[in-house]
Amino acid sequence: MSPSTWTTDAAASARRTARAFARAADRTPALAYAAAVVPVALVVVAVATQPWMPPTDLVRDSQAVAVLRGSANTVHGMVSNLGIVAMAAAAGAALLSAVATTHRGDRLPRVLAWGGGLTLAVALDDLLLLHEAATFAAWMPKLIVVAYAAAFGVYLWRFRVEILRHLDVGLLAIAMLALGTSALVDAFAEPATVASVLVEDGAKLLGFAAWSAFLIRGALIALRGGRASGSRHARSEAMSTRA
């Protein structure tokens, strides 16, 4: 195969994938996107504008703030804890839905079970700071984060057909972009400033919120026995089917 033929085939494949992604994203109702994005935006604005304490004390992990300040406060790490609660709730919804629909003939329950398990691991890690407490070298935390990213990458690749066919890839895209932004800011924004911390942890909260919405919507879709619906594309498909 000549290089030009390979390039043409790759471009055609990319266009097909982009069209499939756009159709899948259009299945998701606007309310689902708003439910993931709007609360996070309100929280970040409230944290940045409140006059009572440094915004970074509200968004960083509570243990890290306690060590930095030499004291603890019940509101330290509030934003970080909100993300953990959202992830734990999503993991529970996904795992319960997987158990309830395990009799299905497709692989959607398996998608939810694996997604719920990975999400629960991340939530517990973020709560207990296991990736930092269980390390013995300065480079280990970043290596563990890379391992998490690789695990999610394998998960998304393994179940890509089911995700594109049934689930809300728009929410998934928001989650991946937000978490990627958070990781890049964490890696390159040195020394950290108030602005960089707000961007890093705000993006992390958005990623957690979008991923949690993705999993919870997936659980509801599995229990309903269908695919994501509510968009113009889904309604037009339904009308054409009835016709």
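A. Expanded view of helix α2 (residues 30–49). Over its 20 residues, α2 extends 28 Å from the first C-alpha to the last, a length consistent with the 28 Å expected when each residue adds 1.5 Å. Listed in full, the buried residues belonging to α2 are A32, A36, V40 and V47.

B. View of the side chain of T56. With respect to the helices and strands, T56 occurs in helix α3 (residues 55–59). Its relative accessible area of 8% is what places T56 among the buried residues. Sequence-distant contacts of T56, defined by excluding residues within four places in its chain, comprise V65, R69, V194 and V197.

C. Spotlight on the packing of aromatic side chains. Under the defined criterion, the tally for this structure stands at four aromatic pairs. Between Y155 and W211 the ring centres are 6.3 Å apart and the planes differ by 70°, which places this aromatic pair in the edge-to-face class. Placement of the pair is Y155 in helix α8 (residues 140–158) and W211 in helix α11 (residues 194–224), with a sequence separation of 56 residues. Of the two residues examined, Y155 and W211, each falls in the buried class. When the ring centre of W157 is taken as origin, the NZ or CZ atom of R160, which lies over that ring, is 3.8 Å away.

D. Empty space enclosed by the protein, seen in detail. Here the structure, examined in full by the defined rule, presents one cavity of 30 Å³ or more. The wall of the largest cavity is formed by V59, V79, S80, G83, D201, K204, L205 and F208. The set of elements that each furnish at least two residues to the lining of the largest cavity consists of α5 (78–100) and α11. Counting residues per element, the lining of the largest cavity draws most heavily on α11, which supplies four residues.

E. A look at the nonpolar core. If you look at the biggest cluster of nonpolar residues, it comprises 30 residues, and the most contacted ones within it are V111, Y155, I163, L167, W211, F214 and L215. Counting residues per element, the ones that place at least two in this core are α2, α5, α6 (108–128), α8, α10 (169–188) and α11. Take this core: its biggest share by element is eight residues, from α11. When sequence neighbours within four positions are dropped, the list of residues in contact with I163 reads R27, V111, L156, V169, L172 and F214. Grouped together as the second largest cluster of nonpolar side chains are nine residues, L58, V197, L205 and A209 included.

F. Seen up close, the confidence of the model for the protein. On average, the protein scores 81 in pLDDT, and the residues at 70 or more come to 81%. Confidence, read as mean pLDDT per element, is least for helix α12 (residues 232–242) in the protein (42) and greatest for α5 (92). Within the model, the stretch residues 231–243 combines pLDDT values under 50 with nine contacts to residues more than four positions away or in other chains.

G. Inspection of the side chain of H76 at higher detail. Mapped onto the fold, H76 is located in the loop between α4 (62–69) and α5. The exposure class of H76 is buried, given its relative accessible area of 7%. Leave out the neighbours within four places in its chain, and H76 touches M53, D57, S62, V65, R69, S71 and N81.

Reading the values: rules and limits
- Residues numbered from 1 in each chain as written.
- Predicted model: local features only at pLDDT ≥ 70, side-chain atom pairs only at ≥ 80, totals over all residues.
- Heavy atoms only, no water.
- Helix = DSSP H or I, 4+ residues; strand = E, 2+ residues; numbered from the N terminus.
- Expected span 1.5 Å × (residues − 1).
- Buried < 20%, exposed > 50% of the residue type's maximum accessible area, 1.4 Å probe, protein only.
- Contact = heavy atoms within 4.5 Å.
- Phe/Tyr/Trp six-rings, centres within 6.5 Å; stacked < 30°, edge-to-face > 60°.
- Lys NZ or Arg CZ within 6 Å of the ring centre and 35° of its normal.
- 1 Å grid on protein atoms, 1.4 Å probe; cavity = no way out; pocket = protein on both sides within 12 Å on 5 of 7 lines; lining within 4 Å.
- Points joined across faces, edges and corners; volume = space filled by probe spheres on them.
- Core = buried A, V, L, I, M, F, W, Y, C linked by side-chain atoms within 4.5 Å.
- pLDDT = per-residue confidence, 0-100.

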